[in-house]
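These are the residues of each chain, in order.
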Amino acid sequence: MKNLFFLFLILSSSFTFSQKNVSKKENNIIKKDTLKVLKPLNIADIDEKPSIELYKIYILDRDTTFLDTTLSIQKEYKYNLLRKDIFGLIAFANEGHTYNTLDYSLVKKSIHPSMGFSAKHFNYLEIEDIKYYNVPTPLSDLYFKTVMEQGQSVDAFLTVNTKPNLNFSIAYKGLRSNGKYINNISSSGNFRFTTSYFTKDRRYILNAHFTGQDISNQENGGIKDINLFEESENPYNERERIDVYFRNATSLLKGNRFLIDHSFKLNKNNPNSLIFTHQFNHEYKFFNYTQLTADKRFGDFYSGSINNKTRYSHLYNKLGVGFTTKKYGDVSFFVEDNTYNYFYKSIVFDNIGNTLVPNAINERITSIGGNYTYYANKLKANLLISNAITDQSVSNIEATLNYKLNKDYQFVFKYQKLNSLPNLNYTLYQSNYVDYNWANNFKNEKKNQFQFSALTKWINLEAQYSILDDYLYFDNITNNIDTLTVKPFQNNKTINYASIKVSKEIKFWKLALDNTFLYQNVENSDKTLNVPQFVTRNSLYFSEHIFKKAMFIQTGIIFNYFTEYYANDYNPLLGEFYVQNERKIGGFPMFDFFINAKVRQTRIFLKAEHFNSAWTGYNFYSAPNYPYRDFIVRFGLVWNFFK
């Protein structure tokens, strides 16, 4: 009901706005302007048809883009539940379940410990995912896409500037998909509300948001007999006929977050001035795994039904003072205070009454740090240093150098040295399953990482080299896919990871070939970090205006492929992926055929996904006993309304 309500809200408000053709260049991609500072928006100075550059979209670090209503191959890549390019991820069979990670460089680590349960967080909007707006007229965005069997995926959004310096936005993303396998329903809701404000002299700037999110999945544990799937003979070509491990298990991740980020400049006229900053963040969330009947696949159990609920509360404050100069750059110093409570409502005892597993982790991490940014004609350099002054030995050093020769050539070098605490579910976990109870004292994870990227008119290149020490991972100690006793471990050896990703679009006449290639190499004697050596995506498509240029279309074929490797398997009880070295997946081609069209501000998408599945063999998996998607035809649209 919630998604229908917000769909009605957006449609009813949006249809009051007249439509306008904003861009005549249909396949022009709007570039990011990472150094751009938002200026006050004076409605009185805007004509009847505001420029597209006035519809600004930015995140907390002021990385700014403009509203883009064009149709391009990049829009095709981002037309999915996450609303972003998912190259390097492979989705599970049902929309909204989870993704297996093919590209290790997508795995991000913070100085502070997270709750964990990372497999359930792909569709969970983090702070860096929240966008803020500054628009001359009300703007709305409606996303719709069909799903697997019954249901729909909808993302409805509305933003308005009530004053030139005051903006509000409200949005809701809802998903309901039955899936094609037994006990595989996905249901999620992501509500977000944002506001941004600045004084006319820009001495005071404020951004704030609230998010309320719930991600629910029926968990079937994968199919029992992969031979029935790979043969796919009648009746097992109807996927609901294939038996699965669990028929009554469900996971739920739910969380609320409130954030406020604001700053005050002491001198409104002098460019050399002190700036005071403050960020406040409070978040509460929990992960709940329920199973009406306990299953021997996870081993012995204390009770006949399972109800594992892990709670997490987080309170964060960051106070800073900075000094901006016109000639020498900006320097700031800050204090971070991070308090978290990760807890259960029980304690696990042994047979003689000693505590085996406590019920909570309560810690407070206070860090101090500094940040220096230097601007030159074509250069931007940044240095960030942070170190804990409490008992936890966590630290972070980041150095970034960005050189923009001209619009065709840009180079970025980044180095990071990170010393971070383990995610909390590595340290503490409780369950009604006997083997899934632990309290550990792992070392901090350490990472030294070098990154280089070059964006040129000839080719785009990204390279990364990481040195990982005390790497944490989950592993199945039974080495048997049918019996899962998954526990956390720490690798005391050094892991070296290197990757090179190149991309290039070649255009000829009305045809284009867009290519992305990823090569990865891991030196890892214990095989605790496994990645495919080669991942590729290649798109051949045709673009043309039709109906006297009233419609713009793009149609073509997308090819995805990754080499065979020992992919991580998925454990629904923990909401985590774990290492396995028993079965390889990969080596299967995935072809998609698409026809996309644009009429004014409406972009229409039609795709035949994995249309080769029936004639290239049923050996396609997202994880060892979780099949990838069969052939399916899906369609939908993205519709913008603005005056």
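Residues numbered from 1 in each chain as written. Predicted model: local features only at pLDDT ≥ 70, side-chain atom pairs only at ≥ 80, totals over all residues. Heavy atoms only, no water.

Caption draft 1: Summary view of the overall build of the chain. When helices and strands are tallied, the chain shows 4 helices and 37 strands. The C-alpha radius of gyration of the chain comes to 25 Å, within 12% of the 26 Å expected for a compact globule of 643 residues. Taken over the C-alpha atoms alone, the chain extends approximately 75 × 65 × 45 Å along its principal axes. Taken across its 643 residues, the chain has 50% of its residues classed as buried. Counting only contacts in the chain whose residues sit at least 6 apart along the sequence, the fraction spanning at least 24 positions is 66%. Counting every atom, the chain has about 29500 Å² of accessible surface; 57% of that belongs to carbon and sulfur. Of the side chains in the chain, 75 bear a positive and 60 a negative charge, and the two mean positions are spaced by 9 Å. (Helix = DSSP H or I, 4+ residues; strand = E, 2+ residues; numbered from the N terminus. Rg over C-alpha atoms; globule rule 2.2 N^0.38 Å. Buried < 20%, exposed > 50% of the residue type's maximum accessible area, 1.4 Å probe, protein only. Contact = heavy atoms within 4.5 Å. Areas by Shrake-Rupley, 256 points an atom, 1.4 Å probe, with all protein chains shown as cover. Lys, Arg positive; Asp, Glu negative; His and termini not counted. Charge placed at Lys NZ, Arg CZ, Asp CG, Glu CD.)

Caption draft 2: Representation of a nonpolar patch on the surface within the structure. Nonpolar side chains collect at one region of the surface, where Phe264, Leu266, Leu274, Phe276, Val321, Phe323 and Phe333 lie side by side and expose about 590 Å² of accessible area between them. The set of elements that each furnish at least two residues to the nonpolar patch consists of strand E12 (273-291) and strand E13 (306-325). Its location among the elements puts Phe333 in strand E14 (residues 329-343). (Patch = residues over 30% accessible without salt bridge, like charges linked within 9 Å, V, L, I, M, F, W, Y side chains within 5 Å. Salt bridge = Lys/Arg side-chain N within 4 Å of Asp/Glu carboxyl O.)

Caption draft 3: Just the sheet that holds strand E1 (residues 56-58), in detail. In space, the 3 strands of this open sheet follow the order E2-E1-E5, with antiparallel pairing throughout. In this open sheet, the two edge strands, each paired with only one partner strand, are strand E2 (64-66) and strand E5 (132-134). Adjacent strand axes in the sheet meet at a mean angle of 30° when their direction is disregarded. Relative to E5, E1 runs antiparallel, the two sharing 3 bridges. (Pairing = 2+ DSSP bridges. Axes fitted to C-alpha atoms, helices over the stretch in contact; angles between N-to-C directions.)

Caption draft 4: Representation of the pattern of salt bridges in the model. Within the structure shown, the criterion is met by 24 salt bridges. When the shortest N-O distance is used, the salt bridge between Lys493 and Asp526 registers 3.5 Å. Pair noted here: Lys493 is in the loop between strand E26 (486-491) and strand E27 (495-508) and Asp526 is in the loop between strand E28 (511-523) and strand E29 (534-546), with a separation of 33 residues, a long-range link. The exposure class assigned to Asp526 is partly exposed, which follows from its relative accessible area of 35%. When salt bridges with common partners are traced through the structure, they connect Arg83, Asp141, Asp155 and Arg192 into a single cluster.

Caption draft 5: Representation of unusual backbone geometry. A cis amide bond links Asn234 to the next residue, Pro235, at an omega of 10°. A positive phi angle, close to 50°, is found at Asn183, a residue other than glycine. Tracing the backbone through its elements, the reader meets Asn183 in the loop between strand E8 (166-177) and strand E9 (186-198). In this structure Asn183 comes out as buried when scored by relative accessible area, which is 11%. Unlike most non-glycine residues, Asp470 shows phi in positive territory, near 55°. By secondary structure assignment, the location of Asp470 is in the loop between strand E24 (460-469) and strand E25 (471-476).

Caption draft 6: Quick peek at the side chain of Arg603. Tracing the backbone shows Arg603 in strand E34 (residues 602-609). Here Arg603 sits buried without a salt bridge, and the closest side chain of opposite charge, Asp141, lies 4.5 Å off (N-O distance). Only 3.2 Å separates the side chain of Arg603 from the backbone oxygen of Thr69, close enough to count as a polar contact. Separated by 3.1 Å, the side chains of Arg603 and Asn640 make a polar contact. Not counting residues within four places of it along the chain, the set of residues in contact with Arg603 comprises Asp68, Thr69, Thr70, Leu71, Lys75, Asp141, Ala597, Lys598, Gly636, Leu637, Val638 and Asn640. (Polar contact = N/O pair within 3.5 Å; in protein donor to acceptor, adjacent residues only side chain to side chain.)

Caption draft 7: Structural view of the nonpolar core. Ranked by internal contacts, the top residues of the largest apolar core, which has 41 residues, are Tyr289, Phe298, Tyr342, Tyr429 and Tyr436. Of all elements in the fold, only strand E11 (249-265), E12, E13, E14, strand E17 (360-375), helix H4 (424-427), strand E21 (428-429) and E25 reach the threshold of two or more residues within this core. Apart from the residues within four sequence positions on either side, Tyr289 is in contact with Glu219, Phe246, Ala249, Thr250, Ser251, Phe298, Ile306, Asn307, Asn308, Pro572 and Leu573. If you look at the next biggest cluster of nonpolar residues, it comprises 22 residues, including Ile226, Leu518, Met590 and Tyr621. (Core = buried A, V, L, I, M, F, W, Y, C linked by side-chain atoms within 4.5 Å.)

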